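Survey of secondary and tertiary structure
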Amino acid sequence: MTVHANSGANLLTDQPELYEKRFPDPDRLAARWTEETLTRYGSGPRVLDVGCGTGRDAAWLHGTAGRDVTGIDTSEAMLAHARAHHPGPAHRRADMRDFDLGTVFDAVVCLDSALLYCHTNDDLTAFLARCRTHLAPGGLLVAEMRNGAFFLGSTELLDGPRTASFAWRGTTYTSRTTLGIDHGAQLLRRRRVWTADDGSAPEEQRSAWRLLFPQELRHFLTTAGFEVLALHDGPGPRTEPPWSEGAVPYGTARSDRLHLVARLLSPPARPGAPTPSGHHHSNGDSTS
């Protein structure tokens, strides 16, 4: 655990088994919520899981739900764990802002705030362009993330550090986490200090998520050629109470989580382009 804050190392993402111990999901709520959402909106079987992490959700969608899943992530440690412990999907190392997989999907899925690693407007625009390239006409973008609007008037997540401990392989790990808002950059910044009772030195890690507001998110999506089908705060796999099969969305956007479903629209036909029936569009009345 002698890792410096600026090294780019991360205690949890560098040790995927430790990550799964810290964030267990034995009932696969995230994957089951995703499957119900994909089914409700009529998605085809080909799914791209962006920021697939340890691969738990991708493997459930691939094996149990019977979808054809590809997962991408920037962490080689996570991908190696996914291949070894959650096999089935294809796994590729790729960045969400510039991936080029040479194939088309029926849905792109971004769970656990993966979308919010697009810190800038250019990042988000680039990601949506990659989605547009990789989605079949009418394909879905499904995302589950923190809700920027929650922090308008609410400070409950910002009031002082939060401490959590858990044991793994004979060692007790304790995290002390502080969140703060960078208003100019519109980022939720996290400082986390890990300590362990094995005598190792404390480890400090810093990360951040983009705070996106519902109307802002709608603007980015419609500008990128998507139609927003649903945008609500729950229930979802990380809400309280959590989602369960058949649960009806609340339809509001007040809570800490935001859930998005958007459909890629077909590009408008060019004047003079053939229609499916073989006729051409005309800008004027027929003179025949």
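For the structure itself, look to the data block above.
Residues numbered from 1 in each chain as written. Predicted model: local features only at pLDDT ≥ 70, side-chain atom pairs only at ≥ 80, totals over all residues. Heavy atoms only, no water.

Here we take up the packing of aromatic side chains. Applying the stated criterion to the full structure yields four aromatic pairs. Their ring planes at 55 degrees and their centres at 5.2 Å tell us that Tyr19 and Phe23 sit as a pair that is tilted. The class of Tyr19 is buried, set by a relative accessible area of 18%. You can call Phe23 partly exposed: its relative accessible area is 30%. These aromatic residues form a ring-pair network of at least three members: Phe166, Tyr173 and Trp194. (Phe/Tyr/Trp six-rings, centres within 6.5 Å; stacked < 30°, edge-to-face > 60°. Buried < 20%, exposed > 50% of the residue type's maximum accessible area, 1.4 Å probe, protein only.)

Under the criterion given, the structure shown has 18 salt bridges. Measuring nitrogen to oxygen at the nearest pair gives 3.8 Å for the salt bridge that ties Arg257 to Asp112. Taken as a pair, Arg257 in strand E11 (residues 257–264) and Asp112 in the loop between strand E4 (105–110) and helix H5 (121–134) lie far apart in primary sequence, 145 residues in all. The buried category is assigned to Arg257, whose relative accessible area is 8%. For Asp112, a relative accessible area of 31% translates into the label partly exposed. The partner of Asp182 in a salt bridge is Arg189, with the nearest N and O atoms 3.1 Å apart. Salt bridges sharing common partners tie together Asp112, Glu144, Arg238 and Arg257. (Salt bridge = Lys/Arg side-chain N within 4 Å of Asp/Glu carboxyl O. Helix = DSSP H or I, 4+ residues; strand = E, 2+ residues; numbered from the N terminus.)

Before going further, it helps to spend a moment on empty space enclosed by the protein. Throughout the structure, instances matching the rule amount to one cavity of 30 Å³ or more. Taken as a whole, the largest cavity encloses approximately 90 Å³ of empty space. Around the largest cavity sit 14 residues that line it, and Trp33, Thr37, Arg40, His232 and Pro249 are the ones nearest its centre. Contributions of two or more residues to the lining of the largest cavity are made by helix H2 (29–40), strand E10 (226–232) and E11. In terms of residue count, H2 provides more of the lining of the largest cavity than any other element does, four residues in total. Here the residues of the lining of the largest cavity sort into nine nonpolar, three polar and two charged. (1 Å grid on protein atoms, 1.4 Å probe; cavity = no way out; pocket = protein on both sides within 12 Å on 5 of 7 lines; lining within 4 Å. Points joined across faces, edges and corners; volume = space filled by probe spheres on them. Nonpolar A, V, L, I, M, F, W, Y, C, P; charged D, E, K, R; others polar.)

Look at H2 against helix H3 (residues 56–63): their axes get within 8 Å of each other, and the N-to-C directions meet at 50 degrees. Here H3 runs oblique to H2, going by the angle between their axes. Between H2 and H3 lies a crossing whose hand is right-handed. Mapping the contact onto sequence places Ala30, Ala31, Arg32, Thr34 and Glu35 in H2 and Asp57, Trp60 and Leu61 in H3. Its residues assigned to classes, the contact of H2 with H3 shows four nonpolar, one polar and three charged. (Axes fitted to C-alpha atoms, helices over the stretch in contact; angles between N-to-C directions. Parallel < 35°, antiparallel > 145°, perpendicular 65-115°, else oblique. Left-handed = near helix turned anticlockwise from the far one by under 90°. Contact = heavy atoms within 4.5 Å.)

Moving on: the sheet that holds strand E7 (residues 171–182). The four strands lie next to each other as E6-E7-E8-E9, forming an open sheet whose pairing is antiparallel. Only two strands of the sheet have a single partner each, and these edge strands are strand E6 (162–168) and strand E9 (203–210). Neighbour-to-neighbour, the strand axes of the sheet open up by a mean angle of 25 degrees, direction not taken into account. In terms of strand pairing, strand E8 (residues 187–196) meets E9 through eight bridges, oriented antiparallel. From the neighbouring strand, Trp194 faces E9, where its bridge partner is Glu203. (Pairing = 2+ DSSP bridges.)

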